[in-house]
Amino acid sequence: MKTLTRIMAVFAALTALVSCNREPSFWLGADLGWITEYESYGHKFYNKDGVEMECTALMKELGLNAVRHRVWVDPSAHGGWCSKEDLLVKCQRAKALDMAIMVDFHYSDWWADPQKQNIPASWSGHSYEQMKEDLAAHTIEVLTYLKDNGIEPKWIQVGNETRNGFLWTVESNEYGWPKLDENGNTTIIESMGHVDRNPEQYAGLFAAGYDACKQIFPDAIVMVHLDNGFDKDLYDYNLGVLKAGGANWDMIGMSLYPYWAMDGGFRDDAETTITDCIENIRYVSEKFGCDVMIVETGFLVDESKPEVLEEGRRQLARVIRECIEETDGHCKGVFYWEPQTDGVWKPASYAALGWNAYDKGAFKNGKATIILDPFKE
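Residues numbered from 1 in each chain as written. Predicted model: local features only at pLDDT ≥ 70, side-chain atom pairs only at ≥ 80, totals over all residues. Heavy atoms only, no water.

Turning to the overall build of the chain, a few remarks are in order. For the chain, the helix and strand inventory stands at 12 helices and 14 strands. In terms of overall size, the chain behaves like a compact globule, its C-alpha atoms giving a radius of gyration of 21 Å where 377 residues would be expected to give roughly 21 Å. Seen along its three principal axes, the alpha-carbon backbone of the chain occupies a region of about 80 × 50 × 40 Å. For the chain, contacts bridging at least 24 residues in sequence account for 76% of all contacts bridging at least 6. Taken as a whole, the chain presents about 16,200 Å² of accessible surface, with 51% of it coming from carbon and sulfur. If you average the places of the 36 positive and of the 59 negative side-chain charges in the chain, the two averages end up 7 Å apart. (Helix = DSSP H or I, 4+ residues; strand = E, 2+ residues; numbered from the N terminus. Rg over C-alpha atoms; globule rule 2.2 N^0.38 Å. Contact = heavy atoms within 4.5 Å. Areas by Shrake-Rupley, 256 points an atom, 1.4 Å probe, with all protein chains shown as cover. Lys, Arg positive; Asp, Glu negative; His and termini not counted. Charge placed at Lys NZ, Arg CZ, Asp CG, Glu CD.)

What follows is the structure, given as structure tokens:
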């Protein structure tokens, strides 16, 4: 009897150990790409008790278990932020806290998004074959640098919000932002991987990035990332182009911003936006045979209106809940984009460029608002 009791005790202990070491079935994360720049301007962060904390550690205290960090090719003209060296500093903080890491390659010297995917200056004018080599070499360089310093990302994005493909340059103003014509359109002045103009090259460039990621981190989950997660036609078309061109990916990353969906005239209300995104997660996971993650989301902040904050909290809670309960297990996480941003605060470097404050952050005076409560709940 004593022997049986001992066996049962050992079994219980082993079960507890395995349970403690098991990965989360759902990831709660944040893109914290701005934190080192914020710190350089003296911006500080505090927990609910008013105790000053480093931002990554504060996020863990708020219930998050993962971080996402972008990397630019040559950001020397923009303060050097989001270089591979800056990336390493931020990843080391996450590793020390046992938080999973996502690396987001923009393949540009600055911001890359649906409106612009500017070719890095040092790659401009190169042939398609050379640019594939450029992309692969940059990917390998950054990931090798992380690996040599003890960092192993769980997820790697090949491109950021590549709705229109990547590696195409638009005419820009003196601040580096796209020039818009009277209809709000940009002018493309160099195109290598645009999804409409160069579909086969878009797929080939993505494949080069995928292979480079696997060369350094064979077990990493390599992602394709598109915006407007509610737009099934967008995902059908873009991912279809990649598939037709022979490109592979392991997971689909989505951006979901209900406010901008309404502001851009894509959807009439936030509830429909979220409903359509959850439906699209189910759709693409089945059609393309892979899991999905919401790698960017954010909700409107207005510190003067508590009802706006409450609505943001409610919407985030709904997104997390339905991603867990209504996607047949195929949605693996939700990441908030730059939650540590105060609605009225922005880095001085961006203020100098005429950039508006980011009003989807979830902090006020360095402390988290109720919008982030669902991560703890």
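Next, the rest of the story.
With that settled, the discussion passes to the state of the cysteines. With the rule as written, the count across this model stands at 0 disulfides. Here cysteine 91 stays free of any disulfide, with the sulfur of cysteine 82 as its closest cysteine sulfur at 11 Å. Among the residues examined, cysteine 91 registers a relative accessible area of 0% and is labelled buried. Unpaired in terms of disulfides, cysteine 277 finds its nearest cysteine sulfur in cysteine 323, a separation of 6.3 Å. (Disulfide = S-S within 2.5 Å. Buried < 20%, exposed > 50% of the residue type's maximum accessible area, 1.4 Å probe, protein only.)

The next point concerns the sheet that holds strand 12 (residues 331–337). Taken in spatial order, the 8 strands of this closed barrel run 1-4-5-6-9-10-11-12, and their pairing is parallel. Strand-to-strand twist in this sheet, taken as the mean axis angle between neighbours without regard to direction, amounts to 25 degrees. Pairing geometry for strand 4 (residues 66–71) and strand 5 (residues 100–105), over 6 bridges, is parallel. Within strand 5, the position partnered with valine 71 by the bridge is phenylalanine 105. Against the sheet, helix 5 (residues 128–148) contacts strand 4, strand 5 and strand 6 (155–158), and its axis sits at roughly 155 degrees relative to strand 5. Helix 6 (residues 199–216) contacts strand 6 and strand 9 (221–226) of the sheet and is inclined by roughly 150 degrees relative to strand 9. (Pairing = 2+ DSSP bridges. Axes fitted to C-alpha atoms, helices over the stretch in contact; angles between N-to-C directions.)

The next point concerns the packing of aromatic side chains. Going through the model one piece at a time under the given rule, you end up with 17 aromatic pairs. Where tryptophan 27 meets tryptophan 155, the ring centres are 5.2 Å apart and the plane angle is 85 degrees; that geometry is what we call edge-to-face. Of this pair, tryptophan 27 sits in strand 1 (residues 27–31) while tryptophan 155 sits in strand 6, and the two are 128 residues apart along the sequence. Here the two residues tryptophan 27 and tryptophan 155 agree in accessibility, since each one is buried. (Phe/Tyr/Trp six-rings, centres within 6.5 Å; stacked < 30°, edge-to-face > 60°.)

Tallied over the entire structure, the rule returns 26 salt bridges. One salt bridge in this structure joins arginine 68 and glutamate 296, with 3.2 Å as the shortest N-O distance. A residue pair is termed long-range when its members are at least 10 positions apart, and arginine 68 in strand 4 and glutamate 296 in strand 11 (residues 291–297) qualify at 228 residues. You can call arginine 68 buried: its relative accessible area is 0%. According to the relative accessible area criterion, glutamate 296 is buried, its value standing at 5%. (Salt bridge = Lys/Arg side-chain N within 4 Å of Asp/Glu carboxyl O.)

Leu167 and Ile252 are the most contacted members of the largest nonpolar core, which has 97 residues in total. The element best represented in this core is helix 6, accounting for 9 residues. Residue contacts for isoleucine 252: discarding those within four places in its chain leaves Met223, Val224, Tyr235, Leu239, Val284, Phe288, Cys290, Asp291, Val292 and Met293. Counting 10 residues, the second-largest nonpolar core is a separate cluster that includes Met102, Trp155, Met293 and Val295. (Core = buried A, V, L, I, M, F, W, Y, C linked by side-chain atoms within 4.5 Å.)

Turning our eyes to something else, we now look at the side chain of threonine 327. Along the chain, threonine 327 falls in the loop between helix 10 (306–325) and strand 12. On the accessibility criterion, threonine 327 (0% relative accessible area) is buried. Polar side-chain contacts of threonine 327 include one of 3.2 Å to the backbone nitrogen of cysteine 331. Not counting residues up to four positions away in its chain, the partners in contact with threonine 327 are Ile278, Ile281, Arg282 and Glu322. (Polar contact = N/O pair within 3.5 Å; in protein donor to acceptor, adjacent residues only side chain to side chain.)

Attention now goes to the packing of helix 9 (residues 270–288) against helix 10. Look at helix 9 against helix 10: their axes get within 10 Å of each other, and the N-to-C directions meet at 20 degrees. With respect to helix 10, the element helix 9 is oriented roughly parallel. In terms of crossing hand, the pair formed by helix 9 and helix 10 is right-handed. Every residue of helix 10 that contacts helix 9 at Ala270, Glu271, Ile274, Thr275, Ile278 and Ile281 is listed here: Glu311, Arg314, Gln315, Arg318, Val319, Glu322 and Cys323. Among the residues forming the contact of helix 9 with helix 10, the class breakdown is 6 nonpolar, 2 polar and 5 charged. (Parallel < 35°, antiparallel > 145°, perpendicular 65-115°, else oblique. Left-handed = near helix turned anticlockwise from the far one by under 90°. Nonpolar A, V, L, I, M, F, W, Y, C, P; charged D, E, K, R; others polar.)

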